[in-house]
Amino acid sequence: MIKFFFLFIFMFSFFLGASDCDFSESFTKGKETMIDLSSLSERNPLNIRVVYGPDSDTVRESIFPFSETFKFVPERAGIIELIIDDMDGEQICSVKRSVYFDGLPLTGILIFLFAGSFLFTGTFLSLKNALKD
Amino acid sequence: MTRTTWKSKFGFLMAAAGSAIGLGNIVFFPANAYRFGAGAFYLPYLIALIFLGIPIIIMELGIGRAFKKGFPSSMKEVAGFKGEMTGWFAILNSSVITMYYITILGWVLGMLIRSFSSLWTQVAVPEFGIEAGTAPIGISHFFSIISSPGTAGLVIIVWIMNIFCILKGTKTIEKIVKILVPSMWIFMIIMIIRGLTLPGGFQGLFLLFTPDMSILTSAEVWKGAFSQIFFTLSLGFGIMTTYASYLPKKSDIVNDGLSVTFMNCTFEMIAGIAIFTLLFAFSISPRASTLGMMFFVMPEGIAQFPGATVTIFGVLFFTLLLSAGLTSSMSLLETVASAIIDKFSISRKKALLIIFVVGLSGSIMFSLPHVIDPELNASGTLGLTLLDFLDHWAFGYGLLLTGFLQTIFIGWVFGADRLRTLLNENSKWTIGVWFNPLIKFLIPGIIALLLGSGIFSEFSGLYGHSSTGSIDNLHIYALVFWIFFAAGGSFLLAKMKGGTND
């Protein structure tokens, strides 16, 4: 049914969020992508943080020194957050992007097939039996 | 008083599945799956389904069919006074949940009405200092709705809809669910097709099922999976016992339990796919809660659809939420009505009038638009703050506590062997002795662990986090009210002399 904890924390983070970084590159796991960050160089940028799986319990962070042309090779597919910090530790901007899988993820497809066949077969068999009466 | 029965097996299955399939299936499951390593969440989830979900749902259905009474009266047959007290505790606890659940459905109705036009444009909410264009659309509209006195009107409409749905008991419930439940499946399939045809849509599907195995060693993911199964199947409310009490004696309860469970979890899986395709396509991480997912995250995603499809899918999404919510809330109300009718032998109309007056007052309290925190450090309005705190106790602890006591009484007082004999009476698939240790040891043990870890985290501050001064007091008042209302009330009701049916 339902659960609401931390509504206020969620709300607050929306309003405190830094502005969006202005770039539109798309990413694929393991493939290098050049990101042009030259427009931010006047704002004393210090580093670039890449957060894999933001807001999840599997969150992982990589930190890179700032460079105007950032060569980014995503380590994981999924949702990522790119954050640019300045010298004072404040966020200059942040943006969320999706990282594509490099091909078909075999384990993911196997789990999909297993869970799908378990649940759909269970539904089909039990409903068939129930409605037979 | 003659007890009505379901006209058809299909009607019962749709009603029970409709009860289990609620708002949480559509939004809370995907949020949990994302939080706990996506595909890696499926392993503990399926284990929880087999070892906790299926046995409890079969047990709840079993006592309902055996005694053909509502939850407190059935539990009285199981374990006397203590059993009946547990039953009334479940009823009073779920009454609190029903009151705010219907308030939330009132907000969903508000969003549905707005989704026909204004929801997709920015709105200012001066009460919270939100100017047009400064907050995402979902947030601004949600706070505009909850801070409006007119929302009470929406709550009244949802209450009337609910009372109409259960007016003639199984007769009206069956008619409504036969339309709503299949419609929910159709709506969800349309959402999946839309999601998969978005750029990167299939990547969302891959993301949902590709595991991050490193998380499997974390206790949190297992706790999350077992809690998810407990809540998603509507266990601990007494709903399944009530619905099964309207079944004919010769029903195959084991198969019925499996049907409801599998339908619920299959729906949850397809909902997960639909939501994940959107999350990936629009790079949204589903942080926070069910409420956040429903009113902030999903509208944020849908708003990015091209052209007129925004309105179409917005309306579809909120209609889906309202339908799922209605089939759940009507089952909660029927459980309360059945308990009152059984205990006091009063007419259904009188019972519904009592429920309507008391319940509507509670729901109006949760929709109080008075802004107590314009900075949004807390939940903003008095109604939402009360809702948040009571949900913490009633939903977070009340249901688990009922589940724990129920399994203890059925396993140890009534006897696991007796229960198996009841369950196996007309079952095609019979339950073996392996069921006994599950009911007597494993399930109460797991629930005790979930409860214990929750209580432990209370010592780390409000919701396990450092809190904001005066809000603490309201949190404690909510706890005191909940203990007096649910625990004190259940003692009084169990002590009361009943009518001829009791």
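Check the entry above for the structure.
Residues numbered from 1 in each chain as written. Chains lettered and ligands numbered in written order. Predicted model: local features only at pLDDT ≥ 70, side-chain atom pairs only at ≥ 80, totals over all residues. Heavy atoms only, no water.

1. Details of the overall build of chain B
Right, on to step 1. Helix and strand counts for chain B stand at 17 helices and 0 strands.
Right, on to step 2. Relative to its length of 502 residues, chain B is compact, with a C-alpha radius of gyration of 22 Å against a globular reference of 23 Å.
Right, on to step 3. Each of the three principal axes of chain B carries a C-alpha extent, and together these read 60 × 45 × 45 Å.
Right, on to step 4. Looking at chain B as a whole, 66% of its 502 residues are labelled buried.
Right, on to step 5. Considering only contacts within chain B whose residues lie at least 6 apart along the sequence, 81% involve residues at least 24 apart.
Right, on to step 6. Total accessible area computed for chain B in this model is approximately 16,300 Å², and 70% of it derives from carbon and sulfur atoms. (Helix = DSSP H or I, 4+ residues; strand = E, 2+ residues; numbered from the N terminus. Rg over C-alpha atoms; globule rule 2.2 N^0.38 Å. Buried < 20%, exposed > 50% of the residue type's maximum accessible area, 1.4 Å probe, protein only. Contact = heavy atoms within 4.5 Å. Areas by Shrake-Rupley, 256 points an atom, 1.4 Å probe, with all protein chains shown as cover.)

2. Here we look at a nonpolar patch on the surface
Right, on to step 1. A surface patch of nonpolar side chains, amounting to about 360 Å² of accessible area, comprises Leu353, Ile354, Val357 and Val358 of chain B.
Right, on to step 2. With respect to the helices, strands and loops of the structure, Val358 of chain B is situated in helix α14 (residues 348–366). (Patch = residues over 30% accessible without salt bridge, like charges linked within 9 Å, V, L, I, M, F, W, Y side chains within 5 Å. Salt bridge = Lys/Arg side-chain N within 4 Å of Asp/Glu carboxyl O.)

3. Section: unusual backbone geometry
Right, on to step 1. Positive phi, close to 65 degrees, is recorded for Asp55 of chain A, a residue that is not glycine.
Right, on to step 2. On the basis of relative accessibility, which here comes to 35%, the residue Asp55 of chain A falls in the partly exposed class.
Right, on to step 3. Non-glycine residue Ser234 of chain B carries a positive phi angle of around 55 degrees.
Right, on to step 4. For Ser234 of chain B, the position within the fold is in the loop between α9 (219–232) and α10 (239–244).

4. A few points about the packing of helix α1 (residues 9–20) of chain B against helix α11 (residues 253–281) of chain B
All names here are of chain B.
Right, on to step 1. Running from N to C, α1 and α11 point in directions that differ by 45 degrees, and their axes come no closer than 9 Å. Considering the angle they form, α1 stands oblique to α11. The two elements α1 and α11 meet at a crossing, and its hand is right-handed. Of the residues in α11, those touching α1 at Lys9, Phe12, Leu13, Met14, Ala16, Ala17 and Ala20 are Asp256, Ser259, Val260, Met263 and Asn264.
Right, on to step 2. When the residues that make up the contact of α1 with α11 are grouped by side-chain class, the tally is 8 nonpolar, 2 polar and 2 charged. (Axes fitted to C-alpha atoms, helices over the stretch in contact; angles between N-to-C directions. Parallel < 35°, antiparallel > 145°, perpendicular 65-115°, else oblique. Left-handed = near helix turned anticlockwise from the far one by under 90°. Nonpolar A, V, L, I, M, F, W, Y, C, P; charged D, E, K, R; others polar.)

5. Focus: the sheet that holds strand β3 (residues 45–52) of chain A
Right, on to step 1. Taken in spatial order, the 5 strands line up as β1-β7-β6-β3-β4 (chain A) in an open sheet, and their pairing is mixed. Each having just a single partner strand, β1 (27–28) and β4 (60–65) of chain A make up the two edges of the open sheet. (Pairing = 2+ DSSP bridges.)

6. Some details on the packing of helix α3 (residues 39–67) of chain B against helix α16 (residues 435–458) of chain B
When two helices pack together, their arrangement is captured by the angle between the axes and the distance separating the axes.
All names here are of chain B.
Right, on to step 1. The geometry of α3 relative to α16 is characterised by a closest axis approach of 10 Å and an angle of 115 degrees between their N-to-C directions. The handedness of the crossing between α3 and α16 is left-handed. The residues of α16 that touch α3, namely those facing Phe51, Leu52, Pro55, Ile56 and Met59, are Phe435, Leu438, Ile439, Leu442, Ile443, Ile446 and Ile447.
Right, on to step 2. For the contact of α3 with α16, the class distribution of residues is 12 nonpolar, no polar and no charged.

7. Some points on the environment of Leu438 of chain B
All names here are of chain B.
Right, on to step 1. Counting through the fold element by element, Leu438 comes out in helix α16.
Right, on to step 2. Considered as a pair, Leu438 and Lys349 are 89 residues apart in the sequence and their alpha carbons are 41 Å apart.
Right, on to step 3. Apart from the residues lying within four places of it in its own chain, the contact partners of Leu438 are Phe51, Pro55, Ile443 and Pro444.

8. Here's the deal with the pattern of salt bridges
Residue and element names in this part refer to chain A.
Right, on to step 1. Counting across every chain of the model gives 16 salt bridges over all chains.
Right, on to step 2. The salt bridge partner of Lys96 is Asp55, with a shortest N-O separation of 3.5 Å. Of the two residues, Lys96 is situated in strand β7 (residues 91–100) and Asp55 in the loop between β3 and β4; the sequence distance between them amounts to 41 residues.
Right, on to step 3. Looking at Lys96, the relative accessible area reads 18%, which means it is buried.

9. Side note on α11 of chain B
Residues and elements named next belong to chain B.
Right, on to step 1. When the terminal C-alpha atoms of α11 are compared, their 42 Å separation across 29 residues agrees well with the 42 Å that a helix rising 1.5 Å per residue should span.
Right, on to step 2. Counting buried positions over the 29 residues of α11 gives 28, a clear majority of the element.
Right, on to step 3. The distance from a side-chain oxygen at the start of α11 to the backbone nitrogen of Val254 is 3.3 Å, and the residue carrying that oxygen is Asp252.
Right, on to step 4. Ser283, located one to two residues past α11, shows a positive phi value of around 50 degrees. (Expected span 1.5 Å × (residues − 1). Polar contact = N/O pair within 3.5 Å; in protein donor to acceptor, adjacent residues only side chain to side chain.)

10. Details of the interface of chain A and chain B
One frequently used descriptor of interface size is the decrease in accessible area upon assembly of the parts.
Right, on to step 1. The interface is formed by 52 residues belonging to chain A together with 84 residues belonging to chain B.
Right, on to step 2. Both faces combined, the contact of chain A with chain B buries some 6,100 Å², and carbon together with sulfur accounts for 73% of it.
Right, on to step 3. For the pair chain A and chain B, the number of links is 2 salt bridges.
Right, on to step 4. Asp212 of chain B is the salt-bridge partner of Arg76 of chain A, the closest N and O atoms lying 3.7 Å from each other.
Right, on to step 5. Counting across the chain A and chain B interface gives 13 residue pairs in polar contact (both at pLDDT 80 or more).
Right, on to step 6. Taken together, the elements giving at least two residues each to the side of chain A that touches chain B come down to α1 (7–16), β6 (78–86), β7 and α2 (106–132) of chain A.
Right, on to step 7. Examining the composition of the side of chain A that touches chain B, we find that 19 residues originate from one element, α2 of chain A, more than from any other. (Buried area = accessible area lost by both parts, 1.4 Å probe.)

11. Details of the pairing of strand β2 (residues 33–36) of chain A
Residues and elements named next belong to chain A.
Right, on to step 1. Of the two faces of β2, the one holding Thr33 and Ile35 is buried and the one holding Met34 and Asp36 is not buried anywhere.
Right, on to step 2. The pairing of β2 with strand β5 (residues 69–72) spans 4 bridges and is antiparallel. By the bridge assignment for β5, Thr33 is matched with Phe72.

12. As for the packing of aromatic side chains
Right, on to step 1. Inspection of the entire model under this criterion finds 40 aromatic pairs over all chains.
Right, on to step 2. Between Phe29 of chain B and Tyr42 of chain B, the ring centres sit 5.9 Å apart and the planes meet at 70 degrees, which makes this aromatic pair edge-to-face. Of this pair, Phe29 of chain B sits in helix α2 (residues 23–35) while Tyr42 of chain B is found in helix α3, placing the two residues 13 residues apart along the sequence.
Right, on to step 3. What makes Phe29 of chain B buried here is its relative accessible area of 0%.
Right, on to step 4. The exposure class of Tyr42 of chain B is buried, given its relative accessible area of 2%.
Right, on to step 5. Ring geometry for Phe67 of chain B versus Phe414 of chain B: centroids 5.9 Å apart, planes at 85 degrees, classification edge-to-face. Pair noted here: Phe67 of chain B is in helix α3 and Phe414 of chain B is in helix α15 (residues 382–424), with a separation of 347 residues, a long-range link. Of the two residues, Phe67 of chain B and Phe414 of chain B, both sit in the buried class.
Right, on to step 6. Here a set of aromatic residues connected by ring pairs shows up, and it is made of Phe112 of chain A together with Phe29, Phe36, Phe41, Tyr42, Tyr45 and Phe209 of chain B.
Right, on to step 7. Looking at Arg60 of chain A, its charged tip hangs above the ring of Tyr52 of chain A, at a distance of 6.0 Å from the centre. (Phe/Tyr/Trp six-rings, centres within 6.5 Å; stacked < 30°, edge-to-face > 60°. Lys NZ or Arg CZ within 6 Å of the ring centre and 35° of its normal.)

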